Amino acid sequence: MERSEEAIVTRKRGLRTPEEKVRDLQEGLHLSAKRDARRRFHQLYDKVASPWVLAVAWQDVRANKGAAGPDGVRIEEIEAAGVDAFLDELSRELRERRYRTGPIRRHYIPKANGKLRPLGIPNVRDRVVQAAVLLVIEPIFEADLPDSAYGFRPGRRAHQAMDAICEQLLAGRVEVIDADLQSYFDTIPHDKLMKLVARRIVDRGILQLIQQWLEAPVIEPDGSTGPAGRRNDKGTPQGGVISPLLANLYHACIPHLWERRGHARQLDGHIVSYADDFVILLPPGRGERALAALRSICERLELTLSETKTRLVNATRESFLFLGFEVQKARNPKSGKLFPRVMPAKKSEQRLRDNVRGLLNRRTHRQTVATVVTHVNAVLRGWGQYFYYGQPQQSMRRLNHFAEERLRKYLMRRRQKRGPGYTQYPTQAIYGQFGLHRLPTRSPIRAAHA
């Protein structure tokens, strides 16, 4: 006899904090889903509406910060008015089935290729409810997602995806399909996605909430859609709290169909994915057949494979890009052995240079030097932590030199002086007195199997 979800959440006594209760609920749901791949879950809506789940959801939304949605209400305003009252009203709306999602504010950010990436920013109250649903249903779907998927998943990160790629290259799978799905988040078909969700979740309240968020009207920044916005008929907006999980769930259909149609066995092809970015690694000579199979799968899922960006590469002869890294199976000049060489891509280096230039220019002269350097250091540390993998030493040295030169030039301009500034600001002062962060130039401990 199956235990109810209520039994799962109360299996431990003496839980006091909301965080402890949520953690216990998640552990129970995940174990139950893992134990029975066909189990369907009821009675989840009341957990979403509970004060303790909403309290944890609020903390998650607050920690992620983020801009106001179309209603203009900011996180700081909610805090000033009283978080308890805000959560109590949200809980009542959910329990009385009065909750209705607001529209989504469209915001565009520039991409590396010069195009714009559309983001959808919901109201803060909608982000809190989405976070509450995520807390409850993510452990269930985590049990179903493939091991080859690494993006937007608890306990997984980009370096693990790179480890998996390196292992496949070492195993001789050097023919690589570097795949690109055209506008993936914006083209996911709602009907197929909801059928996937309903395979596990039969609670109508949860399904109706997700359907609301998928169909929420979008308000464009130029006002072309009017104050009410344009209704959505496909896609899950980037920027929504629930969107990464839904996108992962639908993307998992690709490796599922890859396995079910026999391509994994017949072509010996292995998929590694991070959100909508993925590669298929195969033994030499099988790439064209695998590419045809992938096109068929995408057609079945109503997704579009970008023919201009999708590449078939032999990694022993040329490199491919994945998650900002440049990857190739190269020969070690000392040992003569082939190894997976992983370095920051040139575009990744250039983006860091552009960010540093944007901080060290005339527009920031009104700020103190300490403030400007603090901002520069935050950019350098974040970049360095992410790209300290594989063989980044040369990139790190180049970028250290660049950042040092830019800061030196910036300091000279502040004093309205000409010249390179080596005498006025020697290297020791740049890193000592001014405290510029130095990127690590030693080889990482795990040097991508070098």
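Cut-offs used in this document
- Once a new chain begins, its residue numbering starts again from 1 and follows that chain's sequence as written.
- For a predicted model such as this one, the threshold for reporting local features is a pLDDT of at least 70, and the threshold for listing and counting side-chain atom pairs is 80 or more; totals across whole chains, interfaces and linings nevertheless cover every residue.
- The side-chain quantities take in all heavy atoms of the structure and omit both hydrogens and water.
- Runs of E in the DSSP output that reach at least two residues are strands. Runs of H or I that reach at least four are helices, and both are numbered from the N terminus.
- For the radius of gyration, the atom set is restricted to C-alpha positions; the globular benchmark scales as 2.2 Å times the number of residues to the power 0.38.
- Residue exposure (1.4 Å probe, protein chains only): buried if accessible area is under 20% of the type maximum, exposed if over 50%, otherwise partly exposed.
- Residue burial considers only the protein chains on display, and all accessible areas are found by Shrake-Rupley using a 1.4 Å probe.
- Only four residue types enter the tally: Lys and Arg on the positive side, Asp and Glu on the negative side; His and the chain ends are excluded.
- Where a charge sits is defined by one atom per residue type, namely NZ (Lys), CZ (Arg), CG (Asp) or CD (Glu).
- The span you would expect from a helix comes to 1.5 Å times its residue count less one.
- Note: the arc covers the axis-to-C-beta directions of the helix.
- When checking whether two residues touch, look at their non-hydrogen atoms; a contact exists if any pair is within 4.5 Å.
- By definition, two strands form a pair when at least two bridges between them are found by DSSP.
- Here an angle of 0 to 180 degrees is reported between the N-to-C directions of two axes, which are lines fitted to C-alpha atoms, with helices fitted over the stretch in contact.

Quick notes on the overall build of the chain
On a plain count of helices and strands, the chain comes out with 19 helices and 10 strands. A compact globule built from 450 residues should have a C-alpha radius of gyration of about 22 Å, and the chain, at 25 Å, falls within 12% of that. C-alpha extents for the chain along the principal axes are approximately 75 × 60 × 50 Å. Counting only residues that meet the buried cut, the chain has 52% of its 450 residues in that class. About 22,800 Å² of surface is accessible on the chain, with carbon and sulfur atoms providing 48% of the total. Within the chain, one finds 77 positive and 50 negative side-chain charges whose respective centroids are separated by 8 Å.

Focus: helix H6 (residues 83-95)
Taking 1.5 Å as the rise per residue, H6 with 13 residues should run 18 Å; its terminal C-alpha atoms sit 18 Å apart, in good agreement. Every buried residue of H6 is listed here: Val-83, Phe-86, Leu-87, Leu-90, Ser-91, Glu-93 and Leu-94. Angular distribution of buried residues about the axis of H6 spans 160°; they occupy a single face of the element. Among the exposed residues of H6, those pointing more than 90 degrees away from its buried face are Asp-84 and Arg-95. Buried residues along H6 sit in contact with helix H3 (45-48), helix H4 (51-64), helix H5 (75-81), helix H7 (124-142) and helix H11 (204-215).

Quick look at the sheet that holds strand E9 (residues 325-331)
What the 3 strands build is an open sheet, ordered E8-E9-E10; its pairing is antiparallel. Of all the strands in the sheet, the pair left with one neighbour each is strand E8 (320-322) and strand E10 (338-344). Averaged over neighbouring strand pairs, the angle between their axes works out to 35° when direction is ignored. Sheet topology places E9 next to E10; 7 bridges connect them, and they run antiparallel. Each bridged residue has a counterpart across the sheet, and for Arg-331 the counterpart in E10 is Leu-338.

Looking at unusual backbone geometry
For Gln-43, which is not glycine, the phi dihedral falls at a positive 50°. Topologically, Gln-43 is positioned in the loop between helix H2 (18-35) and H3. Within the chain, Leu-323 stands out as a residue other than glycine whose phi angle is a positive 55°. Inspection of the secondary structure assignment puts Leu-323 in the loop between E8 and E9.

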